[in-house]
Amino acid sequence: MKISLRHLLISLTALVTAVAVILLITQNPLRLGEQPLLLRALLVNLAVLAALVAVYPFNPLFHQRPGAYGLLVCLPALVPGFFWFLIWLPEQAGDGFRIQQIEHSLITDSSSNAIVEVGFSYPIYTPSFEFENRGLYTRAIEVFLRMTDPQGEDALFRAVRETVPGQGLNVESSVRGMLSRNEEYLFNPLHLPPGKPVQGRVVFVISNLDDGASFSLALRQARAVQLELRDPATGQLLEQIAVARD
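Quick caveat, the model's predicted, so the values are computed rather than measured.

**Student:** Can you help me understand the packing of aromatic side chains in this one?
**Tutor:** In this description, an aromatic ring pair is defined by two values, namely the gap between the centres and the angle between the planes. Applying the stated criterion across every chain, the model contains 4 aromatic pairs. Relative to F131, the ring of F129 has its centre 5.9 Å away and its plane inclined at 35 degrees; by these criteria the two rings are tilted. Judged by relative accessible area, which is 0%, F129 ranks as buried. For F131, a relative accessible area of 0% gives the class buried. Over the ring of F187 we find R176; its NZ or CZ atom is 4.4 Å from the centre of that ring.

**Student:** Looking at this model, I keep getting lost on the packing of helix α1 (residues 5-27) against helix α3 (residues 37-55). Mind explaining?
**Tutor:** Packing of α1 against α3 leaves a shortest axis separation of 7 Å and a crossing angle of 155 degrees. One element, α1, and the other, α3, form an angle in the roughly antiparallel class. Pair α1 / α3 crosses with left-handed handedness. The residues of α3 that touch α1, namely those facing I10, S11, A14, L15, T17, A18, V21, I22, L24 and I25, are L43, V44, L46, A47, A50, A51, V53 and A54.

**Student:** When you look at the sheet that holds strand β10 (residues 198-202) in this model, what are you seeing that I'm missing?
**Tutor:** One key point about sheets: their strands pair by backbone hydrogen bonds, in either a parallel or an antiparallel sense. Spatially, the 4 strands line up as an open sheet ordered β1-β5-β10-β8, and their pairing is mixed. In this open sheet, the two strands that pair with only one neighbour each are β1 (97-103) and β8 (185-186). Here 6 bridges tie β1 to strand β5 (residues 128-133), and the two strands are oriented antiparallel to one another. Each residue of the ladder has a partner; that of Q101, found in β5, is F129.

**Student:** Sorry, what's going on with the environment of R176 here?
**Tutor:** For R176, the position within the fold is in helix α5 (residues 171-179). Assessed through its relative accessible area of 15%, R176 is described here as buried. On a C-alpha basis, the gap between R176 and T163 in space is 8.5 Å, while along the polypeptide they are 13 residues apart.

**Student:** Explain the layout of surface pockets here, please?
**Tutor:** The method is simple in principle: a probe with the dimensions of a water molecule rolls over the atoms, and the space it marks as empty is what remains. The calculated volume of the largest pocket comes to roughly 420 Å³. What lines the largest pocket is a set of 22 residues, among which R40, L89, P194, G195 and K196 lie closest to the centre. Of all the secondary structure elements, the ones that give two or more residues to the lining of the largest pocket are α1, α2 (29-33), α4 (66-92) and β5. Ranked by the residues each element gives to the lining of the largest pocket, the list is headed by α4, at 5 residues. Class assignment of the residues belonging to the lining of the largest pocket gives a composition of 11 nonpolar, 7 polar and 4 charged. Contributing to the lining of the second largest pocket are 16 residues, with L30, L186, L190, H191 and V198 lying nearest its centre. Mapped by element, the contributors of at least two residues to the lining of the second largest pocket are α2, β8, β9 (190-192) and β10.

**Student:** How should I be thinking about the pattern of salt bridges in this particular structure?
**Tutor:** Within the structure shown, the criterion is met by 10 salt bridges. For E228, the salt bridge goes to R146, with nearest N and O atoms at 2.7 Å. Highlighted residues: E228 in strand β12 (residues 224-230) and R146 in strand β6 (residues 139-148), separated in sequence by 82 residues. Across the pair, exposure class does not vary: E228 and R146 are buried alike. A salt bridge links R161 to E172; the shortest N-O distance between them is 2.7 Å.

Criteria and cut-off values
- Residues numbered from 1 in each chain as written.
- Predicted model: local features only at pLDDT ≥ 70, side-chain atom pairs only at ≥ 80, totals over all residues.
- Heavy atoms only, no water.
- Phe/Tyr/Trp six-rings, centres within 6.5 Å; stacked < 30°, edge-to-face > 60°.
- Buried < 20%, exposed > 50% of the residue type's maximum accessible area, 1.4 Å probe, protein only.
- Lys NZ or Arg CZ within 6 Å of the ring centre and 35° of its normal.
- Axes fitted to C-alpha atoms, helices over the stretch in contact; angles between N-to-C directions.
- Helix = DSSP H or I, 4+ residues; strand = E, 2+ residues; numbered from the N terminus.
- Parallel < 35°, antiparallel > 145°, perpendicular 65-115°, else oblique.
- Left-handed = near helix turned anticlockwise from the far one by under 90°.
- Contact = heavy atoms within 4.5 Å.
- Pairing = 2+ DSSP bridges.
- 1 Å grid on protein atoms, 1.4 Å probe; cavity = no way out; pocket = protein on both sides within 12 Å on 5 of 7 lines; lining within 4 Å.
- Points joined across faces, edges and corners; volume = space filled by probe spheres on them.
- Nonpolar A, V, L, I, M, F, W, Y, C, P; charged D, E, K, R; others polar.
- Salt bridge = Lys/Arg side-chain N within 4 Å of Asp/Glu carboxyl O.

Worth remembering: the numbers are spatial, not functional.
If you want it as structure tokens, here you go:
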């Protein structure tokens, strides 16, 4: 079977298109999760169609029969993408978020007894969690830590923010600058794509205690410790779980 130069160029162009669309989909889950389900289905099917066009010149069964190839191969191959995004996903998607704690720890320094000097001396609590958005679209959330002491008094800590308002240097901005180069740390607000877990360490500056040892003791002795997910715009509580303290 002889393949013309024209068909080879078409095949190469289609292959490049398929790879580009696949990279666009896989490397941009947040942006993809913001798009309507129909657009997601069309993007996936564009990659499928481009891949099928790329291999067409090498298929001897449909040599010089592009109409039959399109009708018998290409059109049926587009059905799963539409079914997945327009029927299956809406049926399977849930509400809310899944939170799983992986570990909990302080940022420690042997010379400072678990206190990191960032202009002020505060314990920095960095528990590790996995967050999963069960919905159909990308969601933004803010993470809080609520501790209830043995007397029933609550202390609520917001995780360090990605962008700290104001130009002055403070504890939060100092911690943010200190940890920003490490991709394992997550900062408020978190942006969670649908169906793809996001894992990392959330950073809390415990500003109502004086040293790391007393925070560890307070954590163990607290009546309740909870991680809370809240809506950044309204402050509405979206999800919460108890935090392990062992």
